[in-house]
Structure formats: C-alpha cells, structure tokens
Amino acid sequence: MKKILIAENIIKSFGVGSEKRNVLDGVSVEVNEGEFVAVMGPSGSGKTTLIFALSGMDNIDSGRVIVDNQDISTLSEKEMADLRRIKMGFVFQQPTMLKNLNILDNIVLPSMRDIRKKGSEISANAKTLMGKVGIAELEKRDIAQVSGGQLQRAGICRALINSPKIVFGDEPTGSLNSKTSQEIMEIFSELNREGITIMFVTHDATVAAQTERILFMIDGKIVSEVQLPKFNGSELEDRIEKVRGEMRKVGI
Amino acid sequence: MYYKLIKNDFQKSKAVTLTTVFFVAAAAMLVSLAMILVINLTGSIDSLMAKAKTPHFMQMHTGELDLERLDAFAGGNEQIEEFQVLEFLNLEGSQIILAGSSLAASLQDNGISRQSEKFDYLLDLDDKIITAVDGELYVPISYMRDGSAQVGDRAQIGGKDFTVAGFLRDSQMNSTLSSSKRFLVSENDFEDLRALGSIEYLIEFRLYDLSALGAFESAYNAAGLESNGPTITYPLFRMINSISDGMMIAVILLVSILVVLIAFVCIRFTLLAKIEDDYREIGVMKAIGLRLADIKKIYLAKYAAIALIGAVIGYAFSFPFKDLLLVNIRLYMGESDSAALAPLFGALGVVIVVLAIIIYVNGVLKRFRTISAAEAIRFGMAQEKSITSKRMLLSENRLFNPNIFLGIKDVFARKSLYATMLVVVVLSAFIMIVPQNLYNTISSKNFITYMGIGRCDLRIDIQQTDNIAGKTAEVAKAIEKDGDIARYALLTTKTYVVLMKDGSTERLKIEIGDHSQFPLEYTEGRAPVAEDEVALSAINARELNKATGDTLTLLVKDKEKTFTLSGIYSDVTNGGKTAKAAFADDTAETMWSIINLDLVDNSMVASKAQVYQDSFGFAKVSAIDEYVLQTFGSTISSVKMAAYASAAIALFICALVTLLFMKMLVAKDRYSIAVMKAFGYTIQDIRIQFASRSVLVLLVGTVIGTALANTLGQTLAGQGIAYLGASAFSFTINPVLSYLLSPLLVLSFVMIATVAGTAGLGKIKISENIKE
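Residues numbered from 1 in each chain as written. Chains lettered and ligands numbered in written order. Predicted model: local features only at pLDDT ≥ 70, side-chain atom pairs only at ≥ 80, totals over all residues.

1. Topic: the overall build of chain B
Each helix and strand in chain B was counted, giving 21 helices and 22 strands. For chain B, contacts bridging at least 24 residues in sequence account for 84% of all contacts bridging at least 6. (Helix = DSSP H or I, 4+ residues; strand = E, 2+ residues; numbered from the N terminus. Contact = placed C-beta atoms within 7 Å.)

Written as structure tokens, this is what we have:
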C-alpha cells in the first residue's frame, strides 16, 4: 500500500524561555493512500496543530513531513502553495469563505489559480461536486444566504475542486448539529469509498467511529490508536462503543 | 485614565499615528503661514501706501500741460484733498550707468524725479522720506534685488557723476509689473539733466473720501483735461503691489486646503479602522451600560491629542518658513505695522484647524450609535452587507488573470473603503497637474495674447517724443525695405470722444491699424476688420456697459460715427483701458504708436533689435520674449517653483497614503489572505491582487483628477490669471507631461508604496488567522 503521508518525529513549540512548551512532542504518523483517519484528543492536546503541520499550513521546529513523496520542509513558499492547491484539500470547522465571492466562486477559487485549466471545465466540475453533496441549486447564492451545513458542503466541494490526493479536516462537523453532522459524514464516507484519502480532527466519538483508524493524542504525543474495518453503514453503535472504550482507557 | 489609554494606543499604532500627526502639522503650518503672510502683506502694503501717501488718482501725460486749467479744476472740486503735478524725466536706459554697466537692456521706462512736496513720497528702506542732496542718486529697490547696484557705487546719468546713496521704495512703481521706474535726485541735479530726456507729467490727486473715486474719475474725464497717457487709480496701485506675493499666498492657501482635506481623509480612515478593530470592545462597553458619550470621549481625546501635537509642531515650523517667505515682502514694502499681530492670526488659523479636526472626528464617531452591542459581541466585526456583484463572477471570468480579477472585484465590492484612497489620488493628481498646466500656460509663447499683447518677434514702441506720426512713418519705411522682415503691423493709438446715451462723454484711447496680423485672444467676438467696427478691452467694455454686437458712437473727424462692437479682449497694458479699431484717420493727434513685426528667421531677433535700436534712438525696440521675461519673469519662475513643489508634495502624499492604506488593508484582510493562502495562493499572487486594487484606484483617480484639473482647476487658475488682468483663459496643456509622464510618475510611486505596504503579507500565518 502506498504511503501518501509520512511524518517523522515532528516537534513544534509555542512560547519562549521558561514558558516554552512542546505542543507536538515527537509525533510520527503514516497514512496510506485511500485511508480514512481521525485524530482525537482533549483540548490542548495538539491535534489541530498536528493537522496544520501535516498540511504545511504551519511550520514545524524539527522532524520531517513527506506528502506524496515530497518533503514539505524543503519546499519554497511557492512550491508549498502549489502542493497545497494541487494535492491537498482542507475543510475547516468554520466555513472560511471569502465574503465577497458567491458560493460557486468560493468553490472554484483554488482551481482558478491555474490558468492552464479551462474556466468552463472548472465550473462544470464544481457544479458536479455541488450536485454530489446536495447543494446544486445554491451556486449563485451569497455565503450569507445559506445555512451552516450548506456552507460546510460548499467547503467540501472547495477542498475537492482540484481532485486532491488527500483531504485534511479540522473538526469539519464541529459547528454543526448532529443531523447535519451525520449528513456531512455520509459525504466523507462516500468520498473515501471513491478512493480519496481523508484525515481529520474530531472530538465526536460518533464521527470518529465512521473512520477506519483513530489516533488518540495527549500532551503532544500520539498515545494509542484504534483500527476499525471500513464503515459500510452497519454496526455503528458497536464502533462507537469501541471508540469510547479506548477514550476512557487513555483518559480523554 | 485618558492619558494612559492614549499612550497605549499611540504605542500600538506608531506609524499611523505619526502619519496623522504629520499631516495635521503640515496643514497647521501651511494655514499658519498663509495667515501670517496675508497679514504681513496687506499690512505692509497699507503701511507703505499710507507712509508714502500714494495718490488716489493719477493721470500720466506727455505733451502740453495747462496748469491753470488743472488748478481751476482742482479748486472747483470739493472731493479733492490735495493736488500736485510731478515731473518725471524719461531717460534712455543707455543714459543711466550703475556701477559701470548701463541699463540699455532694461525694458523698464527708467527716469528721474525729484522728491515731491505734498504726497506720493519716495521712501528709503526705513520708510523715511528721502531728501537727496546734490550728487546723490537713490535707486529703485528692484535694482538692488537684481544686484545692479549697491550703496556707495558710482553712477552716471547722461555723463553726470552720482553716488548711489541708497535705495528707494516707490509705492506706485515698486513692482516689476509696473513699467516705469523712478530714480531720485536733488532739485539742482534734476534741472541740470532736464534737457536729456522728455518730461512726462504725473497729474496726481488725493481725495477726502476714496469711495468717491469713481465719481471723481468721471468728473476728470468729463472736464476734458490732460489725458495723453495711462490713468491709474489707488486700487490698481494696491493690486500691482500685491500680485507677486499674492500669487504665492494663493498657492500656499490652495495647498493648505488640500492638505487639511488629506488630513481629514487620513483621520477618517484610521478612525474607522480603529473602530473596526475595537468593535467587540465597544460592544462590550455598550453592553455593560457605558454611555455613548463616554466611549466617544476616549476616541475624541486621542484625536484631540494628535491634533494638538500636530498643531504645535506645525505652528513652530511656520516661523522659520515665515521669515524666508517674508524677505521679499519686507524688502519691497517694508515692515508691516501689524506685523506683531501676524503670529496671533497664524495661531488663530491653527486653532481653526484643530477645531475642525475635533468637530470632524466627532462627526465620524456618530457611527457608534449604529453599533449593536449584541452583534458586536457575537461577531466581533461589523456584518458587512451582502456585497457580491451579480455580474463579476470568478467562475465566468475569462478575461483577466484570476489575481487581477480578484483585485478588481474587491474594489467594486468595497467601494466606500477604496473611496478614501481614491480621494487622495484625485487630490494628488489635482495638486500635481494644475500648477503644472498653469506654468505651461503662462510660459507658453501665446500667453501674452491673453494680456493684450500680440504675439510677434519684435515690438517697436514710439512714444514720449514729438512728431510721433512722422517718426513712425520713418521706421515703417525702413521696415518696408528690410527683406529680413516677414510681416509687420503698425498700430497707432489716438484719443476719441465717446458719446454716451445720457448725453455725457467719455474719452477712449483707440489703437488703430490692422489687428488681424498679430491677433489677441478674444474673450468674445473677434478683432475689428471693417471700417465701422471697434473692439474694447474687458475693463472698458464693463465701464461703458457694452457687449459684443452693441453700437458705440464716437466723434471721428468732428463727426458722429456709429461703430459696432466686434469683440472684447483682456488687456493689462495701459491700465487695462484700451480699444481697437481698423478705420483710417490721419487728423487726430497720435499719442503713441507700436510696430509689431515678425522676422523671416527668428534667430536674428537680438541682432535685428540692436540694428533698429541703433538707427532709431527715439524708439524703444524690444524682443517680445525679453519683454515677457522682464515683465512676467518673476511670476513665471515662482509658478514654476510652485509647480515643482506641488508635484513633489503630491507624489509624496500619494506614496505615503498608499503605503499606509496598503498596510491597513493587509491588517484588515488578514482573514481573507489566510484563506487564500490555505487554498494554495502564493504571497506573490496576493501581492498582485493588492497591486491590482491600487492600480485600479489609481487609474480611476488619475482620470478624475486630470478631468477636474482641466475643468475646475482651469476655472480656479483662471481666477488667479484674471487677477493679472486676463479674463478669458484656457490651459495650454503639455500632453506628454500631463497625460503620460505625470500619471506614470504617480503610478511608479504607488507601485513602490504598494510593494512596501504589502511586505507584511509573508508574516500572515494561516493558523493564527483562521480561528477555530
């Protein structure tokens, strides 16, 4: 199985002098192509920092991160931007949309940077994605005119617009109610079944239970992990119980 | 508590605060300077004219003088306080030698006079009435200014030796714009030199009441008294004395108004940005029940402090500059009686600036009322209205590079934000282009046609001599034979009586000849061509109450003849009261004549002028360029200075404000920038977006500024020019400079400022700005 992501002994600290604290304290992790991974942990455990470090949005102090065979610490700012745009997708907790662009324009934003692509193809691609996540009718809307769940779906479309190798998420369902949250998870599962690698942070056991590997973080270290079979819609209660059990074990 | 809050705030936003202080200081300095200069200038002119007892009405006259008739008129007119006739001995420039070099090249009508007894005194540099003893020569101050003479120099007039005993202020003829210059000698020396030149009489009156001047002028004209020469009145003397420095003050005032406006723009912008930053805090303060007035006070206190600091700095700086700019006024006009008051008025101006700022800030702070406590606390920022345009869609953009597109779209989406920068660019373009066009216009070869002077290579004046008609014919004959001369026009000025509708009569000096050869700029209508047409100068048209197409009845060869007014032109020559006609009349006495001519090869101007000057000693031959240079030279060079200074100021302001604006925009747009970065846009991409915003604003601003400069600016400049006597006026524009070079300069400054202002883009971290 090809490894799409390899992180080796990454250390990142915040603060200076005696206040200095390692938020990531020698984290190593590998993600296979097509895998669906969740990161769990209490507030301040470093899970969001890990996702930002793996996706190159934040610098690390030491260690290595290799995405699709490229060591991202050796990349220039421009090469990093290219990598992020072409090989990665990112879904934030908040919708993080640009206010003065409408839904469709926000979705095509990462794609439009590449002049080689045809505008009409990009738009068509975006519309297909929107249909897939169930917001086909919203393309002309302003971001203030749609609901949080709809915005999050748009955010997923934006993450997928360049057909990335891996999609990262930072609590992508964190600000949604449980019904909407479940709908979003169904979209993620569907995407994963289509072969897209997904790795996100969550604090919700129900959400985590629908992935196939769950990493548990405490104080900047990965302390344990749980492996599950790929989720096919059945036995959710059992899976949740497994996740909760491990949470209790590591003390989350 | 205020002190602490203000201090903290200053430390947090040093650059912005310093810039605002800078603009307030600049505005305060300029306003203070303008006030101080105005007070000094008007005070100096007033005190000079009071000490010298400048005549209220003066008629210059050459030829026979009937003193008895004048005495009788003066005795019979109750408005007259004092009356005198002075003699002014006109000399050739070549007859006056100062420190070894003659004034032959001077185009001024130089001459000598004696100190008068009753009024119109010539004063020394301490404003004392000069008493010249035999052998002493007092020289007009403009010759000190240009370095022609120093106290103690040897001087010769018509071969007679003099010592330069001092310089004199002449309340009538100080200005280079006035064409005559009076040297002062003793009574005896004057009599000795009398035979050397021709006497011109200055018939002077002082009235009890200056407001009766109009009535007195009519009475003088109606009495048919001596009038072979220009008439000049007190207000005109005042104006001539104030023009050069007045222009400078006008420019300073204009610039200071613009700088005050820019200070306002700066304050508005920083204040709104600050309010946005503090939005949540303001909401909290509102929520916990602080009164609006209390919140406002904190901000008001900060800007009051900025205004005060700026004002004090600006006021202090106005003093060294003041002395620099007052040199000229002091030299020509002497110390003003109200000089001590001037700093007070300067301070008053500064106080007005400070008050205006406080009132303005108070006005901007009104927007506090619209802040909802709940919204502020929940969102931490103003919820901008939905602003996506239905037309500009990224997904449908096929025209531009996406970065340029996003930059342009942002400008349209947040128009009111960019309006701030737009205003600055418009003002900068305006400040840059108007003085430049003005300079271009008044230094252009055609400008004199606005002044009542035809555009030609050489001009030969024949006046203040006997048998003018005969001598003119003599010159004309020589010109006729001269193959180097391409064309010429002979213009003869004669006096005619105008019969008014109410039966009264006025005297009118009409220049007769072919006016189509060296045409003037006509405000309305055209030059007279037919026998029964006449054109009037703007002042005459106003005084006679005539418009183009009206008729005018003149006494020509003792017969009444009706003329049609073919046009009106502006004129500064001969007190602005002239007329032009094309009919032939050899009966009336010629007052003076002028021959305008063009050479086949205009590189010969200087040598040809010399040839004619040598062969016709009675005439004054001047190359028109030289004439313009000597008459308007100082005005042109000060406008040139102003043009360069304004351009530099405009560029500086433009760059500074762009820099500031970009810095603030980067801070304001942290979030969008982080999102862009997160989705794979490079810093370079985002910089291009910012640059596109500036360039768009710049282009629109430059176009508006240029358009305004050529319409409103032209009108404004026209007011200034009208002051010089020309009424119809349009800019002569150097397109390369105005439409290409200036915008390119502004563009490069804005681009540099944009790059510098967006330097902070690299420091924006995605993780810190996308809050979860």
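2. Examining the overall build of chain A
The helix and strand tally for chain A stands at eight helices and 10 strands. In chain A, buried positions account for 50% of the 252 residues. If you take every contact in chain A between residues at least 6 apart in sequence, the share linking residues at least 24 apart comes to 68%. (Buried ≥ 20, exposed ≤ 12 C-beta atoms within 10 Å, placed from the backbone.)

3. Focus on unusual backbone geometry
With glycine set apart, most residues show a phi of negative sign, and most peptide bonds adopt trans. All names here are of chain B. In this model, Asp-120 sits at a positive phi of 55°, which is unusual for a non-glycine residue. Of note, the phi angle at Asp-127 is positive, near 65°, even though the residue is not glycine. With respect to the element layout, Asp-127 can be found in the loop between strand E6 (122-123) and strand E7 (136-140).

4. Describing the nonpolar core
All names here are of chain B. Within the largest apolar cluster, 279 residues are counted, with the highest numbers of intra-cluster contacts made by Val-24 and Ala-27. The dominant element in this core, judged by the number of residues it contributes, is helix H2 (residues 14-52), at 21 residues. If we skip the residues at most four places from it in the chain, Val-24 touches Ala-263, Ile-306, Ala-307, Gly-310, Ala-311, Gly-314 and Ile-357. (Core = buried A, V, L, I, M, F, W, Y, C linked by C-beta atoms within 7 Å.)

5. Section: the interface of chain A and chain B
The partner chain B presents 29 residues to the 35 residues of chain A that form the contact. Those elements that provide at least two residues to the side of chain A that touches chain B are helix H1 (47-54), helix H2 (77-87), helix H3 (103-112) and helix H4 (119-132) of chain A. Taken together, the residues of the side of chain A that touches chain B break down into 14 nonpolar, eight polar and 13 charged. (Nonpolar A, V, L, I, M, F, W, Y, C, P; charged D, E, K, R; others polar.)

6. Some words on the pairing of strand E9 (residues 213-218) of chain A
Residues and elements named next belong to chain A. Across four bridges, the pairing between strand E3 (residues 36-40) and E9 is parallel. Directly across from Val-39, in E9, lies its bridge partner Leu-215. As judged from the six bridges shared by E9 and strand E10 (residues 221-227), these two strands associate in the antiparallel manner. Pairing of Arg-213 across the sheet is with Gln-227, part of E10. Two successive antiparallel strands, E9 and E10, enclose a turn made up of two residues, where Asp-219 displays a positive phi of approximately 45°. (Pairing = 2+ DSSP bridges.)

7. What about the environment of Tyr671(B)?
With respect to the helices and strands, the residue Tyr671(B) is situated in helix H18 (residues 670-678). Placed 99 residues apart in sequence, Tyr671(B) and Ile770(B) show a C-alpha to C-alpha distance of 6.4 Å.

8. Quick look at the sheet that holds E3(A)
Residues and elements named next belong to chain A. Strand order in the open sheet made by the six strands is E6-E7-E8-E3-E9-E10, with mixed pairing throughout. At either end of the open sheet lies a strand with only one pairing partner, and these are strand E6 (88-91) and E10. On average, each strand axis in the sheet is tilted by 20° relative to the strand beside it, whichever way the strands run. Strands in contact with helix H5 (residues 148-160) are E6 and strand E7 (166-170); relative to E6, the strand with the most contacts, it is inclined by about 165°. (Axes fitted to C-alpha atoms, helices over the stretch in contact; angles between N-to-C directions.)

9. Remarks on the sheet that holds strand E4 (residues 62-67) of chain A
Residues and elements named next belong to chain A. Judged by pairing direction, the sheet is antiparallel, and its four strands sit side by side in the order E2-E1-E4-E5 without closing on themselves. Since the sheet does not close on itself, it has two edges, and those belong to strand E2 (21-32) and strand E5 (70-71), each with one partner. Relative to E4, strand E1 (residues 3-14) runs antiparallel, the two sharing five bridges. Among the inter-strand pairings, Ala-7 is bridged to a residue of E4, identified as Val-65.

10. Considering the packing of helix H7 (residues 234-277) of chain B against helix H13 (residues 415-442) of chain B
All names here are of chain B. Contact geometry of H7 with H13 gives a least axis separation of 10 Å together with a crossing angle of 165°. It follows that H7 is roughly antiparallel to H13 by the angle criterion. The crossing of H7 and H13 is left-handed. Every residue of H13 that contacts H7 at Val-255, Leu-258, Leu-261, Ile-262, Val-265, Arg-268 and Phe-269 is listed here: Thr-420, Val-423, Val-424, Leu-427 and Ile-431. (Parallel < 35°, antiparallel > 145°, perpendicular 65-115°, else oblique. Left-handed = near helix turned anticlockwise from the far one by under 90°.)

11. Overview of the pairing of strand E2 (residues 80-90) of chain B
All names here are of chain B. Direction of pairing for E2 relative to strand E11 (residues 198-207): antiparallel, over a ladder of 10 bridges. Residue Leu-86 lies in a different strand from E11, and its bridge partner there is Leu-202. As judged from the three bridges shared by E2 and strand E5 (residues 109-113), these two strands associate in the antiparallel manner. Within E5, the position partnered with Asn-90 by the bridge is Gly-111.

12. Comments concerning the confidence of the model for chain B
In low-pLDDT segments, the atomic positions of the prediction should not be examined closely. Residues and elements named next belong to chain B. With 95% of its residues at a pLDDT of 70 or more, chain B has an overall mean of 83. When the elements of chain B are averaged for pLDDT, helix H11 (residues 373-379) gives the smallest value, 58, and E7 the largest, 94. Both confidence scores are given for the complex: pTM 0.67, ipTM 0.85. (pLDDT = per-residue confidence, 0-100.)

13. Thoughts on the environment of Ser638(B)
All names here are of chain B. By secondary structure assignment, the location of Ser-638 is in helix H17 (residues 624-668). A C-alpha to C-alpha distance of 9.4 Å links Ser-638 and Asp-245, two positions 393 residues apart in sequence. Among residues more than four places away in sequence, those in contact with Ser-638 are Ser-244, Met-247 and Met-248.

14. A few points about the environment of Ile199(B)
All names here are of chain B. Topologically, Ile-199 is positioned in strand E11. Once the C-alpha coordinates of Ile-199 and Ser-113 are considered, the two residues, 86 residues apart in sequence, prove to be 9.9 Å apart. Aside from chain neighbours lying at most four places away, what touches Ile-199 is Glu-87 and Leu-89.

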